[in-house]
Amino acid sequence: MLKYTLKRLAALIPKMLIISIILFVGLDLLPGDPLARSIPYEQYKEMSEAELDRMRESLGLNDPVHIRYVNWITGLLKGDLGYSTVTKQSIAETLSNRMPYTMELCIYGLIVATVIGLVFGFCAAVMKRTPVDYILDGSALAGISIPEFFAALCLMVVFAVELKWFPTGGRIDPEGGSRIPYMVLPIACMALHYSATLVRSVRTNMIEVMDKDYVKTARSKGISEVVVYLKHAFRNALIPTMILMCMRIPMLIGGFVVIEQTFSYAGVGEIQLKAIKYGDIPVAMFILMLSGVLSMIASTLADLCTGLLDPRVRLE
Amino acid sequence: MKRALSLLLVLMMVICVFVGCAPADTGSTNPNQNVQKDPNAGTPASETPMYMQWFQGGGVETTFENPHCGVNSLYPYMVFEPLSALNTKTGERYWRVAESMELSEDLKIVTINVRQGIKWHDGQPLTVDDVVFSIHAALANPYSGQKNNYDSLAGAQAFTNGDTDTLDGLQVEGNTITLTYTSAKATLLNDVGNLMIFPKHCFPENVDFAVFNSYDYWKFPIGCGPYKITEAVFPDYFKLTRFEDYFGEQPGIKNVVFKYYGTTDAGLAAAINGEIDFGTRQLVTDKTVANNIIVQNSNFKMVQTAGYYYRWFRFQLDERGDGMEKALLRDKEVRLAFDLIIDNDAMASVYEGMAEGIDVLFSPSDPNYPHHLQRESQNIDKALEILNRKGWDFEDEINICYYQNDQTTHDLMQFVKQCFDQAGVKCTVYCAETPATDPTYTERNFDLLYVGGNAAADYPAVQYLYLTSYQDSTIGAADERRERGYDDLYEKYESTTGEQRIKYAHQLMEMDFEDCYQLPCFTLNNCIIYNTQNISIPESVFEMESTTYMEWENWRVLN
């Protein structure tokens, strides 16, 4: 298992390098003068070519692309994330203001969604082809089908504008009140979508496992139904579900672009969208790189979990 | 089995309680419901804050915006003070940091007498050095939007190049600063008067203006205005409280909270929910938006304020980035035909009384409006006659670009497309939502650009927007315009005052009307909303289009 783990981890390094090169070159190829993205257009057009060139030189934009890439990647490795070209502010500082909030939202959201998804998925499988199953499965299907932005707007209109139970947006109460009200709607919106996916996954896997020979054997040995469901069926049905859960880890950084945007929750997802919209390349590049790295780690983690739970994977 | 189910149920209950509970907190979710109401509400002593939207051009991240580089919310007018402010309706000038300012007869020398006894929010006295420092910052900061006001000072070039540490055109004697310009300009008092003053002592001794906006000062700026910042949590909110040692009259509202809403839609939802008390153009783009808010929250009132804000088309007469320029657009008769195709009055009517169709870029309500310059709002037959005569290829497609990303403008551009369709001229309308990154915009791959802008305030409003747009490079054809004598006339306009200035402006407008380099559409009033249940604002504030003097002393928080 150790050899398998080391092998998987070592494979990450070239993958990360390839991702960084694709990202850097891809964003570098964007049309237009990069300097035009860093200063207001009205000012840009007023500046003389000499002034523009001086500014390009100071920002290192006159260097060839490979030099800029090396500067960027060595900067990253040293912990120097650079500055936003739009706000002129430190990227590290900007992200440190946002990342904890996004991670907090994601962790709570994942916990709520996972618990709901596992419990309801389990219930739907156990009560297969009963009204409870139909209701849970139908709701899950609806949860997957409704776009996040629409669900977010519906929640906002009902619970914030009409009932006034929660604020429409933000993440901190200026009066020093609890932060929970600011988190409820974004978490509910996230849980709605993610738990629906889990319900469907757990239900399908459980039903599949229930037909396996080892479950039939367990039943024939006279083991109680509860033990059969929980120990033999549910545990084995969790393997594909675990992979699904691991693959959600990148959300901890990338956040939920739509949800954060709709609820004005100042997190990483919101700034990622803004960076792309305003052509803030250093910010967009770093967040995309981080998301890419985290996706690879999640994928590796899923592989390792699968290997841990299913020895056949390691042998193959 | 029972134990397992019980554990499961308990777990579910805990999760549900965690997520949706805290009934005591949910009651406090709306800040306007949560705040402690002062029994003496309506008096200046009320502790109840006024809530406003925190909006910054580049986004709210870790620093406040530098007002020299652009103003997107009202915070700079609360925290900082300019040298002087102008009531654009009456022409009355309010002296702030400057005790008085004078412009010499040759319109080249400005003398500023700095007021004594002003204190910064940290208790330090404001000195002449602070004013000099602020002028240096406005000139040398590469991101400053006020450079144009100082770059014709004697020695400005050497200073910005870093060749000298001092400005030849800036002399200090006691509390008097003298600015000497190399060319005459009638609007110098306004240009210089608008300058917001920063405290020199809050910056390093050897300040580097190239990175001026990145100094820690901008994390928690100190000003000398009526309000001081007491708390700033990026990017969520900041709080202001009135500055007890303010040199002017104390503001009527003691506390103000600016809250961040990432998008306009989020801001509108917050307004409907009563979380914002006051909204300007950044929030309420037009009357339709304001009415939507009022329908859903009747506590809001909409006020239209006069504004020299215009919308118009500019022709792109330089080469297009994609090489698809239309040579015939260089013919002024063809441009006139385009003007006859677009129905200005119909476009203005979309704004339900807030806009008025125009033929020159000037406010029709101004007494100096040149009423003799009038053109038919739309005449397709005449336009077609011109286009046929000039040999316009009706298979050729023109590209119209715009950047105002609001529904009304999207609708308007579709209407313009219909006008062109009606004339049989093929046309594509395209929204460059973020101009800085849009190749259509940056590479000038358009034939017509739909733009909007404010005229600088200068009573009696003779700072014709038309002139500033003339200098803009969008139009191109600089040689052609120079030959026509625009530059000479503009120079004369800039260096005269009074009736003569108006005369030159009229001549310039007549030339532009004839040449059709730009097609004026309409003038648009500003729209402001405020929550009448929570705050009261003096009517006189709405009579000015300039926001540099907001009469904070007359604002009140109500119950």
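Residues numbered from 1 in each chain as written. Chains lettered and ligands numbered in written order. Predicted model: local features only at pLDDT ≥ 70, side-chain atom pairs only at ≥ 80, totals over all residues. Heavy atoms only, no water.

Novice: Would you take a moment to explain the overall build of chain B for this structure?
Specialist: A count of helical and extended segments in chain B gives 19 helices and 19 strands. The 559 residues of chain B split such that 56% are buried. For chain B, the proportion of contacts with a sequence separation of at least 24, taken over those separated by at least 6, is 70%. (Helix = DSSP H or I, 4+ residues; strand = E, 2+ residues; numbered from the N terminus. Buried < 20%, exposed > 50% of the residue type's maximum accessible area, 1.4 Å probe, protein only. Contact = heavy atoms within 4.5 Å.)

Novice: Looking at this structure, how should I read the overall build of chain A?
Specialist: Secondary structure summary: chain A contains 17 helices and zero strands in total. Principal axes of the C-alpha set define a box for chain A whose edges measure 85 × 55 × 35 Å. In chain A, buried positions account for 49% of the 316 residues. Taking the intrachain contacts of chain A between residues at least 6 apart in sequence as the baseline, contacts between residues at least 24 apart amount to 73%. With the model as given, the accessible surface of chain A reaches about 15100 Å², and the carbon-plus-sulfur share is 68%. In chain A, 30 positive and 28 negative side-chain charges are present, and the distance between their average locations comes to 11 Å. (Areas by Shrake-Rupley, 256 points an atom, 1.4 Å probe, with all protein chains shown as cover. Lys, Arg positive; Asp, Glu negative; His and termini not counted. Charge placed at Lys NZ, Arg CZ, Asp CG, Glu CD.)

Novice: What is the right way to look at the pattern of salt bridges in this model?
Specialist: One side chain can pair with another of opposite charge once the charged atoms of both are near each other. Residue and element names in this part refer to chain B. As enumerated under the stated definition, the model contains 29 salt bridges over all chains in all. In this structure, Asp331 engages Lys390 in a salt bridge whose closest nitrogen and oxygen atoms are separated by 3.0 Å. Of this pair, Asp331 sits in the loop between β12 (300–315) and α10 (332–341) while Lys390 sits in helix α12 (residues 380–390); the two residues are 59 residues apart in sequence, bridging distant segments of the chain. Taking the relative accessible area as the measure of exposure, Asp331 reaches 22% and is therefore partly exposed. With a shortest N-O distance of 3.2 Å, Glu514 and Lys332 are connected by a salt bridge. Placement of Glu514 in helix α18 (residues 498–515) and of Lys332 in helix α10 is noted, with a sequence separation of 182 residues between them. Given a relative accessible area of 46%, Glu514 falls into the partly exposed group. Three or more residues joined by partner-sharing salt bridges are found here, namely Asp331, Glu333, Glu385, Arg389 and Lys390. (Salt bridge = Lys/Arg side-chain N within 4 Å of Asp/Glu carboxyl O.)

Novice: Quick question: what am I supposed to make of the environment of Ile146 of chain A here?
Specialist: With respect to the helices and strands, the residue Ile146 of chain A is situated in the loop between α8 (131–145) and α9 (148–162). Excluding residues within four positions of it along the chain, Ile146 of chain A makes contact with Ala151 and His193 of chain A.

Novice: How do you make sense of helix α15 (residues 268–277) of chain A when you look at a structure like this?
Specialist: Within an α-helix, residues lying three or four positions from one another point in the same direction, as the helix has 3.6 residues per turn. Residue and element names in this part refer to chain A. With seven of its 10 residues buried, α15 lies for the most part within the structure. For α15, every residue scored as buried is listed here: Val268, Gly269, Glu270, Ile271, Gln272, Lys274 and Ala275. In the segment just after α15, Gly279 is the residue with positive phi, at about 70 degrees.

Novice: Any chance you could explain the nonpolar core here in plain terms?
Specialist: When a protein is soluble and globular, its nonpolar side chains tend to lie buried together. Counting 75 residues, the largest nonpolar core has Leu83, Ile112, Tyr150, Leu179 and Phe212 of chain B as the members making the most contacts within it. Setting aside its immediate chain neighbours within four residues, Leu83 of chain B contacts Trp95, Arg96, Val97, Ala98, Met101, Ile112, Val131, Val192, Gly193, Leu195 and Ile197 of chain B. (Core = buried A, V, L, I, M, F, W, Y, C linked by side-chain atoms within 4.5 Å.)

Novice: What am I meant to see in the sheet that holds strand β5 (residues 109–114) of chain B here?
Specialist: Hydrogen bonds between backbone atoms are what pair the strands of a sheet, whose relative direction is either parallel or antiparallel. All names here are of chain B. In spatial order, the strands read β4-β5-β7-β6; together these four strands make up an open sheet with antiparallel pairing. Strand pairing shows two members of the sheet lacking a second neighbour, β4 (98–103) and β6 (170–173), which therefore form its edges. Pairwise comparison of adjacent strand axes, ignoring direction, gives a mean angle of 15 degrees for this sheet. Here β4 pairs with β5 via five bridges, running antiparallel. For Met101, the partnering residue across the bridge sits in β5 and is Ile112. Here helix α5 (residues 128–140) sits on the sheet and contacts β5, β6 and β7 (176–180); the angle it forms with β6, its principal contact strand, is near 175 degrees. (Pairing = 2+ DSSP bridges. Axes fitted to C-alpha atoms, helices over the stretch in contact; angles between N-to-C directions.)

Novice: Which parts of the structure should I look at to understand the side chain of Asp130 of chain B?
Specialist: Residues and elements named next belong to chain B. When you line up the elements, Asp130 lands in helix α5. Of the side chains with opposite charge, Lys200 lies nearest to the buried Asp130, which makes no salt bridge, at 7.3 Å. Looking at Asp130, its side chain comes within polar contact range of the main-chain nitrogen of Thr127, at 2.9 Å. Beyond its immediate stretch of four places on either side in the chain, Asp130 contacts Trp120, Pro125, Ile197, Phe198, Pro199, Lys200 and His201. (Polar contact = N/O pair within 3.5 Å; in protein donor to acceptor, adjacent residues only side chain to side chain.)

Novice: Can you walk me through unusual backbone geometry in this structure?
Specialist: Trans is the prevailing form of peptide bonds, just as negative phi is the prevailing case for residues other than glycine. Put simply, Phe234 of chain B and Pro235 of chain B share a cis peptide bond, and its omega is -10 degrees. Its identity as a non-glycine residue notwithstanding, Ser264 of chain A has a phi of 50 degrees, on the positive side. On the secondary structure map, Ser264 of chain A appears in the loop between α14 (257–262) and α15. For Ser264 of chain A, a relative accessible area of 2% puts it in the buried group.

Novice: What is the right way to read the packing of α9 of chain A against helix α10 (residues 180–210) of chain A from this model?
Specialist: Pairs of packed helices are described in terms of their axes, by the angle between the two and the distance that separates them. Residue and element names in this part refer to chain A. Contact geometry of α9 with α10 gives a least axis separation of 10 Å together with a crossing angle of 140 degrees. For the element pair α9 / α10, the angle class is oblique. Here α9 runs over α10; the crossing is right-handed. Contact residues: α9 offers Glu148, Ala151, Ala152, Leu155, Met156, Phe159 and Ala160, while α10 offers Leu185, Ala188, Cys189, Leu192 and His193. Split into classes, the residues belonging to the contact of α9 with α10 amount to 10 nonpolar, one polar and one charged. (Parallel < 35°, antiparallel > 145°, perpendicular 65-115°, else oblique. Left-handed = near helix turned anticlockwise from the far one by under 90°. Nonpolar A, V, L, I, M, F, W, Y, C, P; charged D, E, K, R; others polar.)

Novice: How should the pairing of strand β1 (residues 50–54) of chain B be read in this particular structure?
Specialist: Residues in a regular strand project their side chains so that they alternate between the two faces of the sheet. Residues and elements named next belong to chain B. In terms of burial, β1 is largely enclosed, as five of its five residues are buried. Bridge count between β1 and strand β10 (residues 255–260): five bridges; the pairing is parallel. Note that in β10 the partner of Tyr51 across the bridge is Val257.

Novice: Which parts of the structure should I look at to understand the state of the cysteines?
Specialist: Chemically, a disulfide is nothing more than a covalent bond linking the sulfur atoms of two cysteines. A full pass over the atoms with the stated rule returns zero disulfides over all chains. You can see Cys189 of chain A has no disulfide; the closest cysteine sulfur is in Cys154 of chain A, sitting 9.3 Å from it. Cys527 of chain B takes part in no disulfide bond, and the closest cysteine sulfur to it belongs to Cys521 of chain B, at a distance of 20 Å. (Disulfide = S-S within 2.5 Å.)

Novice: Can you help me understand the confidence of the model for chain B in this one?
Specialist: For any part of a model where pLDDT is low, the fine detail of the predicted coordinates should not be relied upon. All names here are of chain B. Residue-level pLDDT values for chain B average 83, and 86% of them are 70 or greater. In this model, residues 13–44 is a region of pLDDT below 50 whose contacts with residues beyond four sequence positions or in other chains number 64 contacts. Segment residues 459–469: pLDDT under 50, and 48 contacts once partners within four positions in sequence are set aside and those in other chains are kept. In the model output, the complex is listed with pTM 0.80 alongside ipTM 0.78. (pLDDT = per-residue confidence, 0-100.)

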